[in-house]
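# Residue-level structure breakdown
Chain by chain, the residues:
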Amino acid sequence: MLRNADTFFMNRIIPIASGKGGVGKSFLTVNLGVTLARMGKTVILVDLDLGGSNLHTFLGIKNSRAGIGTYLNKQADSLESLVIPTSVDRLYFLPGDGLYTSAVQQHYFQKMKIIKELPHLVADYILLDLGAGTNHNILDYFIPFPQGIIVTVPETTAILNAYSFLKSALARSVYRQFPPRSEERVLIQEFFRQRLEGSGTSLFTLADKLSEHNQDQGKAVRNLLETFYPGVIINMGRSVSDRDLGKNLRIICRKNLGISLQYLGYLEWMPGVSRSITGRSPYCLDHQDQLSSALEGVCRRLEKIVPEKSIPLFEGDEDLDNLNWAGPAR
Ligand SMILES: Nc1ncnc2c1ncn2[C@@H]1O[C@H](COP(=O)(O)OP(=O)(O)O)[C@@H](O)[C@H]1O
Ligand SMILES: [Mg+2]
C-alpha cells in the first residue's frame, strides 16, 4: 500500500470500544467496514483486541497471519506491511495477535508508535476493534481519536459501563493535556476522585478551576470537551423502549461530563447474526433487512460528521500505566 504524504492524512480513524464484553464490537467493526466498503470507501479493519483477537473469524480468514502481535514482538517493521485484502472489495484487514497469543505485552511507547503510524495507512476509514473495559491499553487507543464509538446493549449494567468508559476516557484525556508531574495533573486527579455525578458539576467546572490558575489551561480543557465527540450504538435491542436508552446516555453525558455524545444508531437483535458468524461470512453481505439498513444509517451518519484532527496528548509517562481513577459510575 502507498504511504500518505507526512503532512496530509486523509483517513478517519474510529476506535470501537465498550464498557462490557460481548456487546457486539467485533460484529459491528466488520459489518460497518463491509457497509462502508460497499458505499465505495476504502476501509482497513484493525484487530486491537489483543488477547482476544477474533475479527478474522467474522471475516472467514485463517488465524495464521502476522499482525499487531508480530509488530509488538518486533518481527515486522511497519503496520503497512501487515495489511491484507479480504474477500470484499476495498476492505482490508490488519490482524491481531493470532501468532503471538498471550505473550503480547504492550509498552507505552509501542502503543504510541502504533497510534502514530495508523494515520499513514492509506484508506478512507480505519476501524479499530478494541477489547472491553477501561484498561489503560484500551483507553490509550480510544482517546487520541475524537470520534470513537462506544457500543452497548440495552441493559442497565451495560449502559452504566458505557458511561464509566466515557468518563474514564475523558479523565485520562484531560490529564494527558498537561505535562507529567504538573500542578494541573494533581488538581485534575483530585477533581475526578470527588463525586462528579449528581453534584451539579461537569468538566466545565474543572475548566473554570484551571482558568483561575491560568486562562490557557482552562481553555485547553474547554477545547477538549468541544472536540471529543464520540458516538454511541445500542446493539441487540429487543423492544421499542430500548431505543430511548441511547438518548438517555446522551443526556447524562452532556449533564455530568459536559460532552456531546452522538446517537449513531439503534440495532436490533437478529437470530441470523450468530449463524453468519458460524458461517464465517459478514452478516450484511447475505442479508437485506432492518439490521443491515440500520448499519447503513450508522455509516451515513459517520459520513456526515466533519472529521476532527486527533487530540494532542502529552507522552512519555510511565506512571500512566496504572492510572484509572475515574472509578465506576455512581
Ligand atoms: N445485533 C445482533 N443480533 C444478534 N446477535 C448479535 C448481534 N450483535 C452481536 N451479536 C452476538 O453477540 C455475540 C458477541 O458479539 P461480538 O461482536 O463478539 O462482541 P464483542 O466483540 O463486543 O465481544 C456474538 O456471538 C454475536 O453473535
Ligand atoms: Mg470482540
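Please refer to the structure placed before this passage.
Residues numbered from 1 in each chain as written. Chains lettered and ligands numbered in written order. Predicted model: local features only at pLDDT ≥ 70, side-chain atom pairs only at ≥ 80, totals over all residues. Heavy atoms only, no water.

## Comments concerning the overall build of the protein chain
Operational definition: Note on conventions: DSSP H or I runs of at least 4 residues are helices, E runs of at least 2 residues are strands, and numbering of each starts at the N terminus. Under the scheme applied here, a residue whose accessible area is under 20% of the maximum for its type counts as buried, over 50% as exposed, and between as partly exposed, the area being computed with a 1.4 Å probe on protein chains only. The contact rule is simple, with two residues in contact once any of their heavy atoms fall within 4.5 Å. Areas reported here follow the Shrake-Rupley algorithm with a probe of radius 1.4 Å; residue values treat only the protein chains shown as occluding.
Counting its secondary structure elements, the protein chain contains 13 helices and eight strands. Per-residue burial for the protein chain yields a buried fraction of 57% across its 330 residues. A sequence separation of at least 24 residues applies to 79% of the contacts in the protein chain between residues at least 6 apart. Taken as a whole, the protein chain presents about 14400 Å² of accessible surface, with 50% of it coming from carbon and sulfur.

## Digging into the pairing of strand β2 (residues 43–48)
Heads up, the condition is: We call two strands paired when DSSP finds no fewer than two bridges between them.
In terms of burial, β2 is a largely internal element, six of the six residues being buried. Alternating positions in β2 separate into two faces, V43, L45 and D47 on one and I44, V46 and L48 on the other, with burial throughout. In this sheet, strand β4 (residues 91–94) lies alongside β2 in parallel orientation, the contact comprising four bridges. Bridge assignment links V43 to a residue of β4, and that residue is L91. Note: β2 against strand β5 (residues 125–132), six bridges, orientation parallel. Each bridged residue has a counterpart across the sheet, and for D47 the counterpart in β5 is D129.

## Thoughts on the site of ligand 1
Definition in use: Neighbouring residues are identified by heavy atoms, a residue being near a molecule or strand if any of them is within 4 Å of it. Residues adjacent in sequence count toward polar contacts only when both atoms are side-chain atoms; beyond that, a polar contact is any pair of N or O atoms within 3.5 Å, and within protein one must be able to donate a hydrogen and the other to accept it. Classification used: nonpolar for Ala, Val, Leu, Ile, Met, Phe, Trp, Tyr, Cys and Pro, charged for Asp, Glu, Lys and Arg, polar for all others including Gly.
Around ligand 1, a shell composed of 16 residues is seen, among which K25, S26, F27, N235 and M270 lie nearest. One of the backbone N or O atoms of V23 is found 3.2 Å from an oxygen atom in ligand 1. Separating a nitrogen atom of ligand 1 from a side-chain N or O atom of N235 is a distance of 3.0 Å. About the coverage of ligand 1: the protein hides 81% of its 570 Å² of free accessible area. Taken together, the residues of the shell around ligand 1 break down into nine nonpolar, five polar and two charged.

## Notes on helix α6 (residues 156–175)
The criterion, for reference: For a helix, the expected span equals 1.5 Å multiplied by the residue count minus one.
Over its 20 residues, α6 extends 28 Å from the first C-alpha to the last, a length consistent with the 28 Å expected when each residue adds 1.5 Å. Counted residue by residue, α6 has 16 buried out of 20 residues, so it is predominantly covered.

## A word on the nonpolar core
For the record, the criterion: By nonpolar core we mean a set of buried residues, namely Ala, Val, Leu, Ile, Met, Phe, Trp, Tyr and Cys, connected to one another through side-chain atoms within 4.5 Å. For each domain, the first and last residues come from an automatic or database assignment.
Core analysis: the biggest nonpolar cluster contains 64 residues, and V46, I68, L94, L118, I126 and L128 have the highest contact counts within it. Top element by residues in this core is α6. It accounts for ten residues. Each of domain 1 (1–145 + 270–309) and domain 2 (152–269) gives at least three residues to this core. Here L94 is in contact with I44, L45, V46, D47, I68, L79, L82, V83 and L121, once residues within four sequence places are set aside.

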